[in-house]
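Residue strings, one per chain:
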Amino acid sequence: MTNNQPLPPLLAANGLCKSFGGIKAVNNANITVESGSITGLIGPNGAGKTTLFNLLSNFIQPDTGEVLFDGEPIHNLASHQIALQGMVRTFQVARVLSRLSVMENMLLAAQKQTGENFWHVWLQPRKMIQEERQLKRKALEILESVGLDKKVANYAGSLSGGQRKLLEIARALMADPKLILLDEPAAGVNPTLINQICQHITEWRKEGVTFMIIEHNMDVIMSLCDRVWVLAEGSNLADGKPEEIQNNSAVLEAYLGQ
Ligand SMILES: Nc1ncnc2c1ncn2[C@@H]1O[C@H](COP(=O)(O)OP(=O)(O)O)[C@@H](O)[C@H]1O
Ligand SMILES: [Mg+2]
């Protein structure tokens, strides 16, 4: 056997459909995300992008079609199991816990904590303290890398919209993910912070994290993505390199027609 076969995609959606009442929010969508890539998902408002993310992360179940992560179907897995397998997502409106501190938000996002098991608190207190220390160190390292280390003790609710988005991405990184799905990471974020977020994404990709990004900011999509998928009215409209998509007349039409 030669080893020339291309690697299977890290994430694949085959024939996904999802209706809400009479609205076909996602209508026979097919998507692949190659391991190590930054893959974009664009389309006019209401095209079904967020619904597709909800399907990809099994947040909601498709009417038909399937999602394969690392070659395995995910339809039987709960969100935390999917996170353990290495896929995490952020939300269009950041879902940080406002009344907890930035550090508490980070620690809650960590996986496989010994402290989560009641008996370990009694039987292995030292191990638990050690693990918590390690997790705090890891959280601080990630927070430093996104410039939130000075805010560890602040309530997450006191952060700006842009900082909350960074905290959400930082939380996602606590799970050591293979793939992060980002829903509009640049929306409502000031340009300086957008540049920082883009730089971080490029760095994390170098460290082996794969990204799929929904974004309306075309500068972000064009500068970051290896490949872009375009959704319109729930269906695939086009996919290709960013420069191909930029010059695709059907894509331009879909945006102008909105
Ligand atoms: N939970 C829901 N209930 C009813 N309709 C929904 C729901 N979620 C999304 N939709 C509808 O599905 C379509 C696609 O929405 P969405 O996935 O949010 O699009 P996008 O993220 O591309 O802007 C829209 O018409 C929206 O109103
Ligand atoms: Mg959306």
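None of these values were measured; they are calculated from a predicted model. (Residues numbered from 1 in each chain as written. Chains lettered and ligands numbered in written order. Predicted model: local features only at pLDDT ≥ 70, side-chain atom pairs only at ≥ 80, totals over all residues. Heavy atoms only, no water.)

1. Some points on the domain arrangement of the protein
With domains assigned, the protein is organised as domain 1 (11-94 + 177-256) and domain 2 (97-158). On a C-alpha basis, the centres of domain 1 and domain 2 stand 28 Å from each other. (Domains from an automatic or database assignment.)

2. Comments concerning the side chain of threonine 210
Its location among the elements puts threonine 210 in strand S8 (residues 210-214). A distance of 2.7 Å separates the side chain of threonine 210 from the backbone nitrogen of glycine 36, its partner in a polar contact. Other than its neighbours up to four places away in sequence, threonine 210 contacts Leu10, Val33, Glu34, Ser35, Gly36, Ser37, Lys178, Leu179 and Ile180. (Helix = DSSP H or I, 4+ residues; strand = E, 2+ residues; numbered from the N terminus. Polar contact = N/O pair within 3.5 Å; in protein donor to acceptor, adjacent residues only side chain to side chain. Contact = heavy atoms within 4.5 Å.)

3. Quick notes on the site of ligand 1
As a matter of local geometry, ligand 1 sits amid Phe20, Ile23, Ala25, Pro44, Asn45, Gly46, Ala47, Gly48, Lys49, Thr50 and Thr51. Glycine 46 is positioned such that a nitrogen or oxygen atom in its backbone is 2.8 Å from an oxygen atom of ligand 1. Threonine 51 places a side-chain nitrogen or oxygen 2.6 Å from an oxygen atom of ligand 1. In the complex, 59% of the free accessible area of ligand 1, which totals 560 Å², lies under the protein chains. For the shell around ligand 1, the element with the highest residue contribution is helix H1 (residues 49-56), accounting for three residues. Considered class by class, the residues forming the shell around ligand 1 number five nonpolar, five polar and one charged. (Near = heavy atom within 4 Å. Areas by Shrake-Rupley, 256 points an atom, 1.4 Å probe, with all protein chains shown as cover. Nonpolar A, V, L, I, M, F, W, Y, C, P; charged D, E, K, R; others polar.)

4. Some details on the packing of helix H6 (residues 161-173) against helix H7 (residues 191-206)
Each pair of packed helices gets described by two things: the angle between the helix axes and the distance between those axes. Relative orientation of the contacting elements H6 and H7 amounts to 10°, with a least axis distance of 10 Å. Our classification of the angle between H6 and H7 gives roughly parallel. When H6 is examined against H7, the residues Gly162, Gln163, Leu166, Ile169 and Leu173 are found in contact with a partner set consisting of Leu193, Ile197, His200 and Trp204. (Axes fitted to C-alpha atoms, helices over the stretch in contact; angles between N-to-C directions. Parallel < 35°, antiparallel > 145°, perpendicular 65-115°, else oblique.)

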